Amino acid sequence: MEPIQVMINGLPGNMSQVALKHVLGDSRFRPLPYSLTGPEISDTAFRQEGLNIQLLRPDVRDTAIAEIKSSAGDFISVDYTHPSAVNANADFYCTNDLPFVMGTTGGDRKKIEDRVTTSSIAAVVAPNMAKQIVGFQAMMEYASKKFPKLFDGYTLSIKESHQQGKADTSGTAKAMVKYFNELGTPFKEEDIVKERDPDSQQNQWGIPAAYLRGHGWHTYSLVSADQTVTFEFIHNVNGREIYGGGTLDAIVYLQQKLAQGAKGRMFSMIDVLTDA
């Protein structure tokens, strides 16, 4: 079987580097020597594990992508860019018939879905590519449908901590709000406590210094009305490696769906796990 050609977008960003490392280390994939990057990036090239990658800013990407498609043929784009760019990027992929895997959080997810479903491509879009966390989300979704109002009367608090450079509130935390609402706890996305200060992360949260620049710690706490019962759900991730494996699974899944003729479909990581 021919390797799946992949273009990792968002270099030299940290998560895109992790995704590229996983792609380079797996014979099922062939990385293309190009990456869409932001207008603030001054470098024109990036090198990782012997691969020289040309960085393409927004002002040149329209012309460049036509040439890449002509020379490389079919490939899957992987988006780990910036939350402020996700809607514009999704539109770019759809306009240029580029199937994509998007692990970037932020943006208007409904608009992304509407754009994909009216296009001629398919995509996997997820706020979290860590399979185990996605599985936990699936369990919570099941509980919210099977046992609605299970936590009626309970008070919910959600706090999340990520590296200082993460601009937006965790997409995973925001996704969990819906499930807890259905389980009977009134809570709004804007009530999520978002920690980005390294001093507080290390001294108050206890996050190891080695992972202050790359982590995702989440705590969901439920307290009964009479304060006698507490439930806590916690998932703490140090580093970014866990997301790399999930990204590869999403690429393979999307390639299989494309081979089956999927068009105008936006899949989630729960779809990836369900069909695995």
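The rules we used
Residues numbered from 1 in each chain as written. Predicted model: local features only at pLDDT ≥ 70, side-chain atom pairs only at ≥ 80, totals over all residues. Heavy atoms only, no water. Helix = DSSP H or I, 4+ residues; strand = E, 2+ residues; numbered from the N terminus. Rg over C-alpha atoms; globule rule 2.2 N^0.38 Å. Areas by Shrake-Rupley, 256 points an atom, 1.4 Å probe, with all protein chains shown as cover. Lys, Arg positive; Asp, Glu negative; His and termini not counted. Charge placed at Lys NZ, Arg CZ, Asp CG, Glu CD. Pairing = 2+ DSSP bridges. Axes fitted to C-alpha atoms, helices over the stretch in contact; angles between N-to-C directions. Parallel < 35°, antiparallel > 145°, perpendicular 65-115°, else oblique. Left-handed = near helix turned anticlockwise from the far one by under 90°. Contact = heavy atoms within 4.5 Å. Nonpolar A, V, L, I, M, F, W, Y, C, P; charged D, E, K, R; others polar. Buried < 20%, exposed > 50% of the residue type's maximum accessible area, 1.4 Å probe, protein only. Polar contact = N/O pair within 3.5 Å; in protein donor to acceptor, adjacent residues only side chain to side chain. Salt bridge = Lys/Arg side-chain N within 4 Å of Asp/Glu carboxyl O.

1. Topic: the overall build of the chain
When its secondary structure is counted, the chain shows nine helices and 13 strands. Computed over its C-alpha atoms, the radius of gyration of the chain comes to 20 Å, within 12% of the 19 Å expected for a compact globule of 276 residues. Taken over the C-alpha atoms alone, the chain extends approximately 65 × 40 × 30 Å along its principal axes. With the model as given, the accessible surface of the chain reaches about 13,400 Å², and the carbon-plus-sulfur share is 49%. The distance from the centre of the 27 positive side-chain charges to the centre of the 32 negative ones in the chain is 3 Å.

2. Some thoughts on the sheet that holds strand S1 (residues 4–9)
A sheet is described by the order of its strands in space; here six strands give the open sequence S2-S1-S6-S7-S8-S13, paired in parallel fashion. The open sheet has two edge strands with one neighbour each: strand S2 (29–31) and strand S13 (265–267). Shown here is a sheet whose adjacent strand axes are inclined to one another by a mean of 25 degrees, direction ignored. Summarising the sheet, strand S7 (residues 100–102) and strand S8 (residues 122–125) pair through three bridges and their orientation is parallel. Among the inter-strand pairings, Phe 100 is bridged to a residue of S8, identified as Ala 123.

3. As for the packing of helix H1 (residues 14–24) against helix H8 (residues 241–259)
With their axes 9 Å apart at the nearest point, H1 and H8 run at an angle of 60 degrees to one another. With respect to H8, the axis of H1 lies oblique. Relative to H8, the crossing made by H1 is right-handed. Within the contact between the two elements, H1 uses Met 15, Val 18, Lys 21, His 22 and Val 23 and H8 uses Glu 241, Tyr 243, Gly 244, Gly 245, Leu 248 and Ile 251. A breakdown of the residues in the contact of H1 with H8 according to their chemical character gives six nonpolar, three polar and two charged.

4. Re helix H6 (residues 171–182)
For H6, the set of buried residues is Gly 171, Thr 172, Ala 173, Met 176, Val 177, Tyr 179 and Phe 180. Those residues of H6 that are buried are in contact with helix H5 (131–146), strand S9 (155–162), strand S11 (215–223) and strand S12 (230–238). A side-chain oxygen of the first residue of H6 lies 3.2 Å from the backbone nitrogen of Thr 172; this N-cap is Ser 170. After H6 finishes, the residue Gly 184 shows a positive phi value of roughly 110 degrees.

5. Here we look at the pattern of salt bridges
Enumeration over the complete set of coordinates arrives at nine salt bridges. Between Asp 168 and Lys 166 there is a salt bridge, with the nearest N and O atoms lying 3.2 Å from each other.

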